[in-house]
Structure formats: structure tokens, C-alpha cells
Amino acid sequence: MKNMLTVLSNALFRITGKNAGAQTVSELLIDLSEYVNLTSPVSPATPQTQRQPPKAPKPPADITKATAAQLVSAQAVPLASPAARAVVSRSFADFTPQATFDIKKCELHRLEAGPPVKAELTREQGLQYYRTMQTVRRMELKADQLYKQKIIRGFCHLYDGQEACAVGIEAAINLSDHVITAYRAHGYTYTRGVSIREILAELTGRKGGVAKGKGGSMHMYAPHFYGGNGIVGAQVPLGAGIALACQYQGNNQVCVTLYGDGAANQGQIFEAFNMAALWKLPCIFVCENNKYGMGTSVERAAASTEYYRRGDYIPGIRVDGMDVLCVREATKFAADFCRAGKGPIVMELQTYRYHGHSMSDPGVSYRTRDEIQEVRSKSDPISMLKERMLSNNMASAEEFKEIDVEIRKVVEDAALFATSDPEPPLDDLCDHIFCNGQPLEVRGTNPWSKLKSVS
């Protein structure tokens, strides 16, 4: 492969006069993409022709174009030299800066109107959403690999397939707003601002992890992000409490409180619903319905699978959780509802996980591989966004390839850190029991075993 790259790079140098020096296929593609307009000697007997790319199918969106110029064009120009030369012609102005897309209408409960059925997307937003979702996907696949190598041990619940939920929610709220979720928390940990290095190092139990290697997969935290909670449904009353604090402080903030369909039948959830409705708390209760609670389908576990109606007296919306734009618009609607002082709202995100419930679950004993593949081929959130942008000339395939290569490198570097960083020493075991306090002694596993805790 390296010899082939050298041959192609040398050929590009002879044609263009520019030393490419590509070390990878992606670098070679970048060098080639910079030289798009190809020119060659023109024979007087041969008329000049302009080669145009094939016309794309008419997009299902209202598009605002920056220019009508073709993204790629080739024009024959007579040259003194008999050798063909390549001329650079590439401009970001040729991309569509913004487009409006039709999105799936949300089902409503106790609401006269719901989120819009059209969503605007700028090129910058689209690339950012793609980058974030792809980063979460690659990070989770790397976690899968490290777990199978027995470098990550214990509980590990992966988020691949559900990326549109985390990215869409984060795109609709502020960093000053609050998020609390269950144990499938890696995606939200990243969107809340924690680096991939800190997440993977936490998974491997290293000192450089976001919780200093003492939390693991289910217990990661960040400013305005409260985990990562291992007890099924227990985070929901906590989320209501965070929303109560927002109301008490009058800061116009909201709390996004997430739980899964498997936790939706918990009694404490309905108790939290009741208090939130009584006190009109600014809480968005989000049920991430990925169709299976552990190994049990929602139809076998719940008498009613309309989770957005479960609040009864609390308004609710059912959302396509595989479409990042649909999630974003629904979350904006829900956040505005809460900020207006109308109380809580329930949002059901219909999504799907590609892995099993956890790494100990192969995920194919209660569902077929064909079912998983069908969702991947028809509803994958990353592919859906990518196709929208490509079909509406908002980005090029080369850009997406460059982003993918960059993300792979970042994740690999993070994995190297997560496997080489030292484990925390035993002396650190009881540190940070309190966020700010004097050092204190902590009893160990027996009365004569004493450890020290430092804030």
C-alpha cells in the first residue's frame, strides 16, 4: 500500500509540479481534491467540451444556495507544454450554507401544538453534529474492543445507535442547563464537555479518568452533569430535585432527566412526576425507548408502550430519536415549555441500541441480526445526517472522510493514554468524599483499618 501511495504521489508531482508527499490514502485524496480543474492540450480539430458532474436528484428540502456555480468542473485550456496540468479551483462558497428539511411529526399528549415539522440546518451545524455523533460512535466501538481484550472490566453499557439523542438534546439546551441520566452515560459525558481521553481512562480505571479511575462506566460527572447512575430509575427523583433547585434559584435553567424504557415502570418515576407537576418544576423527563429493557422487548414488559403518555396529567411528545434534527426541535420545544413556567413535560425518544444491554449481553438471543441490520441500513442517525448534507450540496464526501480519519486518530490516541496511564494508588481510594473539607479518617473494611480522605 505504501509503495502504491509513493507511486501515485510521484505521478501527481510530475503532473502538477507540487510535491504531495501523501502518507495515507486520505492525505492523497486531499491533495487530489485541491486540483480539480484538469486541463489538457487542445487540438484545433477537436472542439472544446465542458464536463459536468451527473445531476443529483431533486432534494426534498427548501435550499438557500450561496452560488449557482458547480462544485467541480473541468475545462480544456490550450497550453504551451504538451503535458497536461492541473489547476486548483475549490471554494467553500460553492456549498449550500443552509437548508430546511422536513422532519417527522411528533405525537402529542395534552398539547394543542407541538414541535415544528421543518428544521433548518446550517452547514456548520451539520458538520458539528456529524463530528460529535461519529466521535461517540468510534469511542464506543473502541470501548467494545478494549472490553473484549479484558482491559475494561465490570459493567459497561454502550451507546452506539442512540447518538442522535445525546447530540440533539445538547444542541437544544445551554451548557448552564442540567443533565442527569442512567448508566448508559458515555455519550452524554462527552457532549457535556469531557474529553475522550478522560472517558476511556475512566473505563480502564486509570488515574487520568474523569472520576480519577474510581467511577467506571456508570459513574462519570461534569459541570451540570450528574451522571451516570447505576440504580435503575433512581436518577429521576434526583432530576426532579435539580429542577426544584433551578426553580428556587430563579435562574431560568431546566433539567433534562433521562431514563430508559426498562425503568419506565418504576414507582419512584411516578412519584417524581407527581411532585414535578404539583410544583410546576422546569424538568424535561426523557424516556429513551430503545425497544428493549435488558433482554425484554417493551411489548412484553409494559401494558402500555406509549411512554410519552405515562405522565397522565403532564403533557408529552413522542419523537423520532434516530433523527438528530427531530430530537433538537423537540427538545427546544420542551425547554421553551419549561422556561415559560408551564411545569414539566415528558418526551419519549424512539431509538435503538446496536449493542446488547451491556457488554455481557451479546444482544442477539432476544432479537435477530436481521433486525439490527435493518435499523442500521434504514435509520442510522449518522448515515441519515450525512445523506441529507450530501444530497443538498452542504458538504463533500471528502470532507466526511477527512473528519472520519481525524476522529479515528483522536480515539486511538485516547485509547493509548487509557491503557498506559497509571492506576490510582490505594491511598487515593477515599479521597473526594467531600468536595471541600478538612482531611478526615475513614474506616476501612474493619475497625482497625483506617484510610484518609482528602478533598
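The rules behind the values
Residues numbered from 1 in each chain as written. Predicted model: local features only at pLDDT ≥ 70, side-chain atom pairs only at ≥ 80, totals over all residues. Heavy atoms only, no water. Helix = DSSP H or I, 4+ residues; strand = E, 2+ residues; numbered from the N terminus. Buried < 20%, exposed > 50% of the residue type's maximum accessible area, 1.4 Å probe, protein only. Contact = heavy atoms within 4.5 Å. Areas by Shrake-Rupley, 256 points an atom, 1.4 Å probe, with all protein chains shown as cover. Phe/Tyr/Trp six-rings, centres within 6.5 Å; stacked < 30°, edge-to-face > 60°. Lys NZ or Arg CZ within 6 Å of the ring centre and 35° of its normal. Patch = residues over 30% accessible without salt bridge, like charges linked within 9 Å, V, L, I, M, F, W, Y side chains within 5 Å. Salt bridge = Lys/Arg side-chain N within 4 Å of Asp/Glu carboxyl O. Core = buried A, V, L, I, M, F, W, Y, C linked by side-chain atoms within 4.5 Å. Pairing = 2+ DSSP bridges. Axes fitted to C-alpha atoms, helices over the stretch in contact; angles between N-to-C directions. Expected span 1.5 Å × (residues − 1). Arc of directions from axis to C-beta.

Draft legend 1. Here's a closer look at the overall build of the protein chain. Of regular secondary structure, the protein chain possesses 13 helices and 17 strands. The burial tally for the protein chain puts 47% of its 455 residues in the buried class. A sequence separation of at least 24 residues applies to 71% of the contacts in the protein chain between residues at least 6 apart. Just so you have it, the protein chain exposes about 22,900 Å², and 54% of that area is on carbon and sulfur atoms.

Draft legend 2. Region of interest: the packing of aromatic side chains. Taken as a whole and judged by the stated rule, the model has 6 aromatic pairs. By the ring-pair criterion, three or more aromatic residues cluster together here, those being Phe 270, Phe 273 and Phe 285. A cation sits over an aromatic face here: Arg 376 above Tyr 354, 4.0 Å from the ring centre.

Draft legend 3. Looking closely at a nonpolar patch on the surface. A contiguous nonpolar patch, built from Leu 244, Met 275, Leu 278 and Trp 279 and spanning about 390 Å² of accessible area, is present on the exposed surface. With 3 residues, helix α8 (residues 267-279) is the single largest residue contributor to the nonpolar patch. Structurally, Met 275 is set in helix α8.

Draft legend 4. Region of the structure containing the pattern of salt bridges. In the structure shown here, the tally under the stated rule is 17 salt bridges. Between Asp 380 and Arg 137 there is a salt bridge, with its nearest N and O atoms 2.9 Å apart. Here Asp 380 is found in the loop between α11 (369-379) and α12 (381-391), whereas its partner Arg 137 is found in helix α3 (residues 123-148), with 243 residues between them in sequence. Residue Asp 380 is classed as buried on the basis of its relative accessible area of 7%. Exposure remark for Arg 137: the relative accessible area of 10% places this residue in the buried category.

Draft legend 5. Summary view of the nonpolar core. Counting residues in hydrophobic clusters, the biggest one holds 71 residues, and the most contacted among them are Ile 169, Tyr 188, Ile 284 and Val 319. Looking at this core element by element, the count peaks at 10 residues for helix α10 (residues 324-339). Those residues in contact with Val 319 that sit more than four places away from it in its chain are Cys 106, Cys 326, Val 327, Ala 330, Met 347, Glu 348, Leu 349 and Gln 350.

Draft legend 6. Up close: the sheet that holds strand β7 (residues 107-109). A sheet is described by the order of its strands in space; here 6 strands give the open sequence β7-β14-β15-β11-β10-β9, paired in mixed fashion. The two strands at the open ends of the sheet, each matched to only one other strand, are β7 and β9 (178-180). This sheet shows a mean twist of 20° between the axes of neighbouring strands, independent of strand direction. Direction of pairing for strand β14 (residues 316-320) relative to strand β15 (residues 345-350): parallel, over a ladder of 5 bridges. Among the inter-strand pairings, Val 319 is bridged to a residue of β15, identified as Leu 349. Strand contacts of helix α7 (residues 235-249): β9, β10 (255-260) and β11 (283-289), with the helix running at about 170° to β10, the strand carrying the most contacts.

Draft legend 7. Just unusual backbone geometry, in detail. The residue Asn 252 is not glycine, and still its phi comes out positive at about 60°. If you trace the backbone, Asn 252 turns up in the loop between α7 and β10. Even without being a glycine, Met 294 presents a positive backbone phi close to 55°. Locating Met 294 in the fold gives a position in the loop between β12 (292-293) and β13 (296-297).

Draft legend 8. Highlighting α8. Look at α8: 19 Å from first C-alpha to last across 13 residues, which is about the 18 Å you get at 1.5 Å a residue. Within α8, the full set of buried residues consists of Ile 269, Ala 272, Phe 273 and Ala 276. All buried residues of α8 lie within an arc of 105° about the axis, which places them on one face of the element. The outward face of α8, more than 90 degrees from its buried face, is lined by the exposed residues Glu 271 and Leu 278. Looking at the packing, one finds that the buried side of α8 touches α7, β10, β11 and β15. Following α8 by one or two positions, Lys 280 has its phi on the positive side, about 50°.

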